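Reading the structure
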Amino acid sequence: MALTNIKLGDYIEQSTANNKNLAYGNEFIVGVNSQGIFTAPKGNTEGVDLQPYKIVKNGAFVYTPTRINLGSIAYRTQGLCLVSHLYIVFYLTDEGKKIIDPTWLYVYLRRKEFGREIDFRLFGSARPEFSFSDICETIIPLPDIEIQKKYVTIYKAMIANQQSYERGLEDLKTTIDALLDKFKKSSPKKSAEELLDEVDVRNSDNAITEASGVNITKQFMPSVASSDELHNYKVVQKNQFVFSGMQTGRDMCIRIALQQSAEPLIVSPAYTVLQVKSKEIMPEFIQMWFSRWEMDRLG
């Protein structure tokens, strides 16, 4: 497959069109997350000055200059919207449309390899932003547009399969929730205290050098703790739980995760580590129970 190295700046143009006439209201405001998806704003937008907000139309690429290396770039296909003036908005030129498929470019710019390229180019810079001039300097090995379209067809088919799978998971979750409701009404009840013991084993020899935390989806995530602190961190073995009660009221979520890896991990001393008291109790069932939205509401 023949590739042609192109300078992206020769085929894109920046847009700074804003909402200065206040033609569009708060309902048009969106942001871009690290999954490359346009999302509703998290904060309250009432009373926000919408004049500097940038207008985004179909065919636009929108990215956060401080987070594009993490995948925060999106391609607009769902109609007009507004984004913060801090975002960068650009479009393919007429010449660019002749040789570049926009969805192919979107996929290319969201690759982890491109994120690493950005980190490399910004290393040591006092300016931690990937500006429009920076993206214009990007050299892309470009296949023929017909080859690009074939990749896009495969990509869209994979996305459709993923969405179908996720819908199936939601249906399965609904079924499981219904079964648990049935158990709740017909089975004897025990408190968590009767089922779980607290465990406190520390990483005193610093054998584990990377720490984890628990996010609001009840999954483990990397922690930014420094190695100097890790000797006091708690060790979590397979089939043990990690619980944090500190953010329950703030996040409307009971943060509890089941450690299912064969390799132990460590968490902050602020977390509570738990394990089942008996082999007659399945830790997976306990985690399934705590994963229900009803439990988060109770919390």
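Above this text sits the structure in question.
In this section: the packing of helix 2 (residues 102-109) against helix 5 (residues 145-186). Viewed as axis vectors pointing N to C, helix 2 and helix 5 meet at an angle of 70°, and their least axial separation amounts to 9 Å. As judged from the angle between their axes, helix 2 and helix 5 are roughly perpendicular. Facing Thr103, Trp104, Tyr106 and Val107 of helix 2, the residues of helix 5 in contact are Gln148, Tyr151, Val152, Tyr155 and Lys156. Among the residues making up the contact of helix 2 with helix 5, the classes are represented as 6 nonpolar, 2 polar and 1 charged.

Across the sheet, which stays open at both edges, the 4 strands sit in the order 13-12-17-14 with mixed pairing between neighbours. Sheet topology places strand 13 (220-222) and strand 14 (234-236) at the edges, where each strand pairs with a single neighbour. The mean angle between the axes of side-by-side strands here comes to 50°, regardless of whether they run parallel or antiparallel. Looking at chain direction, strand 12 (residues 211-214) and strand 13 are connected through 3 bridges and run antiparallel. Bridging across to strand 13, Ser212 finds its partner in Pro222.

Before going further, it helps to spend a moment on the packing of aromatic side chains. Tallied over the entire structure, the rule returns 9 aromatic pairs. Consider the rings of Tyr108 and Phe114, whose centres lie 6.3 Å apart with planes at 50°: the pair is tilted. Comparing Tyr108 with Phe114 shows no difference in burial state: the two are buried. Both rings, one in Phe114 and one in Phe130, keep their centres 6.2 Å apart while their planes meet at 85°; by these two values the pair is edge-to-face. Taken as a pair, Phe114 in helix 3 (residues 112-122) and Phe130 in the loop between helix 3 and helix 4 (132-136) lie far apart in primary sequence, 16 residues in all. Summarising the burial analysis for this pair, Phe114 and Phe130 share the class buried. Here the basic side chain of Arg76 rests over the ring of Phe38, its NZ or CZ set 4.7 Å away from the ring centre. Stacked on the ring of Trp289, the Lys or Arg Arg292 has its end atom at 4.8 Å from the ring centre.

Read across the sheet, 4 strands follow the order 11-18-15-16 without closing on themselves; strand pairing throughout is antiparallel. One side of each edge strand has no neighbouring strand; the edge strands of this open sheet are strand 11 (196-199) and strand 16 (255-258). Across the sheet, the mean angle separating the axes of adjacent strands is 30° when strand polarity is ignored. Two strands pair when backbone bridges link them, and strand 15 (residues 241-244) and strand 18 (residues 272-276) are joined in this way by 3 bridges, in the antiparallel orientation. Counted as the bridge partner of Val242 is Val273 from strand 18. Along the sheet, helix 8 (residues 283-290) contacts strand 11, strand 15, strand 16 and strand 18; its crossing angle with strand 16, the most-contacted strand, is approximately 150°.

Rules of the game
- Residues numbered from 1 in each chain as written.
- Predicted model: local features only at pLDDT ≥ 70, side-chain atom pairs only at ≥ 80, totals over all residues.
- Heavy atoms only, no water.
- Axes fitted to C-alpha atoms, helices over the stretch in contact; angles between N-to-C directions.
- Helix = DSSP H or I, 4+ residues; strand = E, 2+ residues; numbered from the N terminus.
- Parallel < 35°, antiparallel > 145°, perpendicular 65-115°, else oblique.
- Contact = heavy atoms within 4.5 Å.
- Nonpolar A, V, L, I, M, F, W, Y, C, P; charged D, E, K, R; others polar.
- Pairing = 2+ DSSP bridges.
- Phe/Tyr/Trp six-rings, centres within 6.5 Å; stacked < 30°, edge-to-face > 60°.
- Buried < 20%, exposed > 50% of the residue type's maximum accessible area, 1.4 Å probe, protein only.
- Lys NZ or Arg CZ within 6 Å of the ring centre and 35° of its normal.

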